[in-house]
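Analysis of the macromolecular model
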Amino acid sequence: MKNNLITFTLLGAAALLMGGCQTTRTASFPGHDYNTVFKNAVSGLCSEKKLLVYKADKARGVIWVQGRGIFANPPETPVILSKASDGSASARITVPGMNNPWPDRMLELITGNLPAAKQGVSKSPGKRTLEDDSDLDLEKQKLELEKQKLQLEKDKFEFEKQKQKGK
């Protein structure tokens, strides 16, 4: 009787997997462009040692992933990335099985690998605010410091050159 119960449980689980029950998850990334999301999705999915990313097509927006193990890991699964009209991206993952945890794990890998997005209200390109001016000033200061650093390196190089000629 015990063996029959285990057999029926395994057959029922296999029937659910093959019978069309699927888990689908979708996530959108409003603060990121498509190229950034695609690049970080591939590297995030590659970071999971139980997953194998074996094909990534940026033009079509499909990343093919499969599990390295036989039973607990996902079968061949496409991660579909799409570009919105505003330049942001979204990801959709469908895996066989009811309440399968792998789509959630994959989305966590993708989002965990993305850099922080700028939050807040989008501004029209024609209007400038005080915050924009302070950002520009900060960028100008960074560029000026970088310019001074390069000049110092150039002077150091010239000094070393003159020193070698003097010997």
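Structure: above.
As the structure is a prediction and not an experimental result, all values here were calculated from the model.

1. Here we look at the packing of aromatic side chains
- The final tally for this structure, using the stated rule, is 1 aromatic pair.
- With a centroid separation of 6.2 Å and 35° between ring planes, the pair formed by Tyr-34 and Phe-38 is classed as tilted. Here the residue Tyr-34 and the residue Phe-38 both occupy positions in helix H2 (residues 34–46), the gap between them amounting to 4 residues, near one helical turn.
- Under the relative-accessibility criterion, Phe-38 is labelled buried at 7%.
- The ring of Trp-102 carries Arg-105 above its face, with NZ or CZ at 4.7 Å from the centroid.

2. Digging into the pairing of strand E5 (residues 88–96)
- Bridge count for strand E1 (residues 22–33) against E5 is 9 bridges, and the pairing is antiparallel. Note that in E5 the partner of Ala-27 across the bridge is Ala-91.

Conventions adopted
- For every chain, the first residue of its written sequence is number 1, and the numbers climb from 1 along that sequence.
- Reporting of local features is limited, given that this is a predicted model, to residues whose pLDDT is at least 70; pairs of side-chain atoms are given and counted only at 80 or more, and all residues count toward the totals for whole chains, interfaces and linings.
- Values reported for side chains reflect all heavy atoms of the structure, with hydrogen atoms and water molecules removed beforehand.
- A pair of Phe, Tyr and Trp rings is counted when the ring centres sit within 6.5 Å of each other, with Trp represented by its six-membered ring. The angle between the planes then sorts it: under 30 degrees is stacked, over 60 is edge-to-face, the rest tilted.
- What counts as a helix is a DSSP run of H or I of at least four residues, what counts as a strand is a run of E of at least two, and both are numbered from the N terminus.
- Relative accessibility thresholds used throughout: buried, under 20% of the residue-type maximum; exposed, over 50%; partly exposed, between the two (1.4 Å probe, protein chains only).
- In our convention, an over-ring charge means Lys NZ or Arg CZ found within 6 Å of a ring centre and within 35 degrees of that ring's normal.
- Pairs of strands are assigned from DSSP output, requiring at least two bridges between the strands.

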